[in-house]
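Observations on the model geometry
Okay, here's what each chain looks like letter by letter:
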Amino acid sequence: MTLMQIKQHADRSEALTGLRAEDIHQWIDGFFDTESFQDIQRTGVPLGFDPYNHRKYRHCVEALEDAVKIFEGRYTRAQIQAVFESHIKDDYDGYVPHQEDFENGTFTEKYHETRNGKLHEAILSEAELTEYFKGKTYPPPRAQRLSSAFYWRIVWPTVFAAVLFAASSFTIIVPLVRQNMMEQKKVLIRELTQTAASAIAFYVHQEQDGQMTRAIAQAKAAAELSQLRYGDDGKDYFWITDMHPVMVMHPYRPDLVGKDLTDYTDSEDKSGKKLFVNFVQLVQHNSEGYLEYRWQWKDDPTRTAPKLSYVRGIPEWGWIIGTGIYIQDIETEMQHLSEKLLIADSLIAFALFILLGNLIFQSRRIEQNRTQAESGLREAKDRYRALVEASSEGSILEVDGKTVYANQAMRRMTGYSEKELTDMDIRDLLALGHEPNTLAANHLHKLYTGEASAAEFEAVLQTKTGQTLNVWISTSRLFFSHKHGHVILFDQLARGREETLRGFHNVTVPAAADQPLNEIQNKIDQSCTAGEVVHILKELPERIRGLTDRGTHADILRKIIGESFDAAIRRFIALSLKTMPTPAVPFAFLSLGSHARHDMTLFSDQDNALIFADVPAEQLSVIRRNFLRIGEEVCGRLKQAGCPYCPGGIMAANPKWCLSLSEWKNHFKTWIQQATPQSILEVNVFLDIRCAYGDDTLVRDLKSYVQALTQNSPEFFMHYANNSLQYKAPLTLFGHLKTQKQAGKKTINIKESLKPIETFARIYALNNNLPEVGTLERIRTLQELEILQPQTGAEMGYIFNYLWQLRLYTPLISADGMPSVNDQVDIEAMTEIERQNLQNVLAKISTFQTKLSYDFLGTAGH
């Protein structure tokens with residue numbers, strides 16, 4: 001590994017790409033533990049902590065996308081990639097590692113480094129269970145004779161098919177298998193020869209680097225290859241000739257070593273094939289190739305057999321290396337296969353005749369079963385109708401634009417009879433003067449005319465007696481033999497949209513929500529290894545998916561996700577401390593950003609840090625190094641559980657954010673008292689802090705200090721307000737959704753859409769000394785203090801919940817079924833009603849920012 005400073009990297013990238021881009025180079029090396037490295041240079045004493053642990057975060061292929069996100073406003077993607085690759089290749093002799101390389105002993109050994117700690121345990125997912133359903137059987141009917149036509153239609157074709165299958169096994173399958181086996185053998189010897197060539201390449205480099213003479217290098221390379229064996233009996237081998245050809249090495253024919261093989265021929269080939277000359281020609285024309293011939297059987301000089309060999313050139317030394325397989329091995333395997341196929345064909349034929357006999361026996365019941373099946377079909381229809389009638393959801397069946405059925409729940413819900421419901425236009429059920437019904441009526445009209453697809457939306461119905469009902473409508477498409485239709489389900493809501501907005505801030509988490517949370521936390525607390533904790537966290541998406549299917553409130557989902565990860569962090573640290581020296585000073589592991597607010601989703605990237613009590617300056621480096629081990633362990637485990645590393649490097653594993661109390665205070669003092677637009681961007685995530693583990697007094701001390709600083713720095717709030725107003729709702733000048741192209745889809749970044757609400761709540765919480773950390777907790781407290789009007793707070797809470805749930809659900813319902821990080825919502829995959837609702841929600845954000853601008857800047861906008 002080559003060690004270069006930022007200036008040297010910048011010089012190199014400028015020479016290669018025309019760009020110095022020192023900011024990119026600084027970002028790549030942003031995790032470097034300078035203190036530990038200086039200690040090693042000064043003392044030469046191994047410290048038990050690798051200062052190069054930063055490499056797995058930034059020195060890998062995966063980090064390129066993070067670099068693009070951070071620097072795309074300053075450079076083009078091509079420029080960022082060129083600078084990034086030049087930096088990494090300079091450090092790793094032309095190689096760009098993957099993140100997993102840093103867990104690989106072979107890779108670290110290649111660069112003369114060691115990695116402390118054990119590899120993370122493999123986490124295996126459990127198999128899913130399959131549900132089985134039983135159907136009703138009927139008494140067997142009286143047997144009848146089969147007609148001759150049945151034998152010609154069923155029996156004789158089956159017999160003919162069995163015979164044809166047996167014949168095809170030997171005329172088609174066996175040759176195909178032989179061809180496939182030969183191709184596999186070719187691939188095998190080619191890959192083995194490439195492996196041997198790699199071994200020789202090592203000695204070629206030794207010679208080129210001047211570490212040994214060519215003669216010594218060649219001798220060692222030939223000796224190493226002469227010992228290599230493979231195959232079932234360990235007798236298959238490699239040989240070496242030069243381009244003359246002269247035999248350089250052959251483990252079973254030492255009599256040929258050093259001899260001119262120009263005239264050496266295949267004794268069994270009447271054409272006098274000159275084997276080794278043909279090898280030379282293959283290498284000269286293609287650098288490699290295959291050749292069939294006869295040769296001595298392995299180490300038995302009294303026997304020859306057909307052989308297929310692969311050769312490859314070593315141009316630096318003018319060598320040819322090769323190995324081969326005996327075709328007789330394939331023929332032996334094919335003979336065994338043929339025998340097995342014969343046995344299998346016999347068994348299959350026997351089974352077919354048994355099945356055929358059973359088919360004949362069962363077919364005698366067909367006529368009677370037809371009558372019984374008709375009766376069963378009528379019974380099944382009655383059962384299905386009874387099931388639909390018993391449902392608590394209203395149900396309407398639409399076929400080719402007509403309502404053909406309405407269940408009892410629908411009749412009871414609306415007060416109309418089934419005939420009245422089937423005769424009326426379904427849109428006549430929608431109450432007039434309610435905002436959701438405009439979109440609902442439009443969609444139902446399109447549904448009945450065959451222009452709309454399945455969807456879900458809210459509506460307000462008017463019953464026969466004039467009462468209004470708030471319902472959630474779900475439509476599912478049906479396909480009949482010659483017609484199309486839809487099932488329309490009406491689920492009565494406990495509260496309407498207006499009630500939801502008014503009562504949002506009064507939402508409480510029911511006691512039942514604690515059951516899954518307590519179960520998860522108990523399992524985490526009882527875990528004996530970090531691998532078990534990771535396994536539990538990997539099961540969390542499926543649990544959340546189940547809760548969302550049952551309509552669990554967003555508050556409950558956030559609590560389960562946030563507190564589950566808090567419990568995991570506590571357990572990770574507790575387990576780590578069992579294998580590490582007890583920390584000499586108090587410390588706390590800090591959750592930041594969405595993790596602190598408990599606004600995170602299942603796949604939010606990490607934001608965390610570490611704080612420890614002040615220590616004498618001479619001990620600071622050693623103490624920090626010990627805590628970095630804890631940060632490294634926790635961050636690694638969180639990533640293994642599905643939380644990606646923070647692109648900005650805000651993690652406890654980064655020496656920059658593993659600080660003493662005084663160091664943290666100095667950072668905040670600079671950020672707040674010398675506030676600039678750039679410093680505001682950096683401090684944003686640090687203004688949401690939660691103690692996930694350790695001494696909470698350190699966190700309270702730091703929060704009190706930050707609170708005092710902000711109250712004495714009014715200019716900070718001006719800078720922060722300006723920063724908050726930079727986050728805009730993704731809408732065009734005319735109020736339409738403003739999308740961006742992602743993988744050919746029109747998308748909106750839902751994470752960015754949440755930021756105006758988050759920053760609004762944060763600045764008001766800071767200005768009013770609120771201890772709350774969560775976004776909704778802050779909004780509700782601001783309502784209670786009458787800083788926000790009840791309607792404003794309720795609307796803000798509704799919008800936050802709507803966007804947060806959309807962000808949560810997007811990866812859970814990913815097209816490939818594999819949940820993963822995904823904040824891009826595919827607008828084209830949404831229904832028209834969903835898009836309109838999202839547009840309306842986003843449009844409201846500007847009114848909140850107008851209030852913020854008035855309160856902190858004294859203007860109506862920014």
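Keep in mind that this is a model prediction, so the values were computed, not measured. (Residues numbered from 1 in each chain as written. Predicted model: local features only at pLDDT ≥ 70, side-chain atom pairs only at ≥ 80, totals over all residues. Heavy atoms only, no water.)

With that settled, the discussion passes to the confidence of the model for the chain. Counting all residues, the mean pLDDT for the chain is 80, and 81% of those residues have values of 70 or more. Per-residue pLDDT stays below 50 along residues 43-47; that stretch engages in seven contacts with residues further than four places along the chain or on separate chains. (pLDDT = per-residue confidence, 0-100. Contact = heavy atoms within 4.5 Å.)

Time to look at the pairing of strand S3 (residues 288-297). Relative to strand S4 (residues 300-314), S3 runs antiparallel, the two being bridged by 10 bridges. Across the sheet, the residue bridging to Tyr290 is Tyr310, located in S4. What sits between the antiparallel neighbours S3 and S4 is a turn of two residues, in which Lys298 has the positive phi angle 50°. (Pairing = 2+ DSSP bridges. Helix = DSSP H or I, 4+ residues; strand = E, 2+ residues; numbered from the N terminus.)

Moving on, we get to the packing of aromatic side chains. Taken as a whole, this structure holds 31 aromatic pairs when the rule is applied. Judged by centre distance (5.7 Å) and plane angle (80°), the ring pair of Phe276 and Phe279 falls under edge-to-face. Highlighted residues: Phe276 and Phe279, both in helix H10 (residues 275-286), separated by three residues, approximately one helical turn. Across the pair, Phe279 and Phe276 agree in class, each one buried. Joined through ring pairs, the aromatic side chains of Tyr237, Trp239, Tyr252, Tyr264, Phe276, Phe279, Tyr293 and Trp295 make up one cluster. (Phe/Tyr/Trp six-rings, centres within 6.5 Å; stacked < 30°, edge-to-face > 60°. Buried < 20%, exposed > 50% of the residue type's maximum accessible area, 1.4 Å probe, protein only.)

Let us look at the sheet that holds strand S16 (residues 745-749). With antiparallel pairing, the three strands of this open sheet are ordered in space as S15-S16-S17. The open sheet is flanked by strand S15 (740-742) and strand S17 (824-826), the only strands paired with a single partner. Strand-to-strand twist across the sheet, computed as the mean angle between neighbouring axes with direction ignored, equals 55°. Two strands pair when backbone bridges link them, and S15 and S16 are joined in this way by three bridges, in the antiparallel orientation. In the strand pairing of S16, Gln742 is matched with Lys745. Sheet strands touched by helix H26 (residues 750-767): S16 and S17. Its angle to S16, the strand with the most contacts, is close to 25°. (Axes fitted to C-alpha atoms, helices over the stretch in contact; angles between N-to-C directions.)

This brings us to the sheet that holds strand S5 (residues 319-326). Strand order across the open sheet formed by five strands is S2-S1-S5-S4-S3, with antiparallel pairing between neighbours. If you trace the sheet from one side to the other, it starts and ends with strand S2 (247-249) and S3, each paired once. Each strand axis lies, on average, 35° off the axis of its neighbour in the sheet, ignoring direction. Both strand S1 (residues 239-242) and S2 contribute to a ladder of two bridges, which runs antiparallel. Bridge assignment links Ile240 to a residue of S2, and that residue is Met249.

With that out of the way, let us pick up unusual backbone geometry. Omega for the peptide link from His244 to Pro245 comes to 15°, which places this bond in the cis form. With respect to the helices and strands, Pro245 occurs in the loop between S1 and S2. Located in the positive-phi region is His598, a residue other than glycine, with phi close to 60°. Structurally, His598 is set in the loop between helix H20 (593-597) and strand S12 (608-612). Looking at His598, the relative accessible area reads 12%, which means it is buried.

When two helices pack together, their arrangement is captured by the angle between the axes and the distance separating the axes. Across the interface, helix H25 (residues 714-724) lies against H26 with an axial gap of 10 Å and an inter-helix angle of 170°. The angle between H25 and H26 falls in the class roughly antiparallel. On H26, the residues that touch Phe716, Phe717, Tyr720, Ala721 and Ser724 of H25 are Thr759, Arg762, Ile763, Leu766 and Asn767. Residue composition of the contact of H25 with H26, grouped by class: six nonpolar, three polar and one charged. (Parallel < 35°, antiparallel > 145°, perpendicular 65-115°, else oblique. Nonpolar A, V, L, I, M, F, W, Y, C, P; charged D, E, K, R; others polar.)

Quick look at the environment of Arg178 now. Looking at the secondary structure, you find Arg178 in helix H8 (residues 148-208). For Arg178, a relative accessible area of 29% translates into the label partly exposed. Residues Arg178 and Glu331, spaced 153 residues apart in sequence, show a C-alpha to C-alpha distance of 8.2 Å. With residues up to four places along the chain from it excluded, the contact list for Arg178 reads Ile327, Ile330, Glu331 and Met334.

This next bit is on the state of the cysteines. The tally for this structure, following the rule as stated, stands at zero disulfides. In this structure Cys646 is not part of a disulfide, and its nearest cysteine sulfur, from Cys635, lies 9.6 Å away. Residue classification places Cys646 among the buried positions, given a relative accessible area of 8%. (Disulfide = S-S within 2.5 Å.)

A word on a nonpolar patch on the surface. A contiguous nonpolar surface patch, about 410 Å² in accessible area, is contributed by Phe165, Ile172, Ile173, Leu176 and Ile348. It is H8 that provides the largest number of residues to the nonpolar patch, a total of four residues. Among the secondary structure elements, Ile172 is positioned in helix H8. (Patch = residues over 30% accessible without salt bridge, like charges linked within 9 Å, V, L, I, M, F, W, Y side chains within 5 Å. Areas by Shrake-Rupley, 256 points an atom, 1.4 Å probe, with all protein chains shown as cover. Salt bridge = Lys/Arg side-chain N within 4 Å of Asp/Glu carboxyl O.)

For the rest of this paragraph, the subject is the nonpolar core. Of all hydrophobic cores here, the largest spans 118 residues; its most connected members are Phe668, Leu803 and Leu838. The element best represented in this core is helix H19 (residues 554-579), accounting for 13 residues. (Core = buried A, V, L, I, M, F, W, Y, C linked by side-chain atoms within 4.5 Å.)

Between helix H22 (residues 661-673) and helix H24 (residues 696-711), whose axes approach to 10 Å, the crossing angle comes to 20°. On the basis of the axis angle, H22 is roughly parallel to H24. Considering only the axes of H22 and H24, their crossing is right-handed. Where H22 abuts H24, its residues Leu661, Trp664, Lys665, Phe668, Lys669, Ile672 and Gln673 lie against Leu698, Asp701, Leu702, Tyr705, Val706, Leu709 and Thr710. Looking at the contact of H22 with H24 residue by residue, the class counts come to nine nonpolar, two polar and three charged. (Left-handed = near helix turned anticlockwise from the far one by under 90°.)

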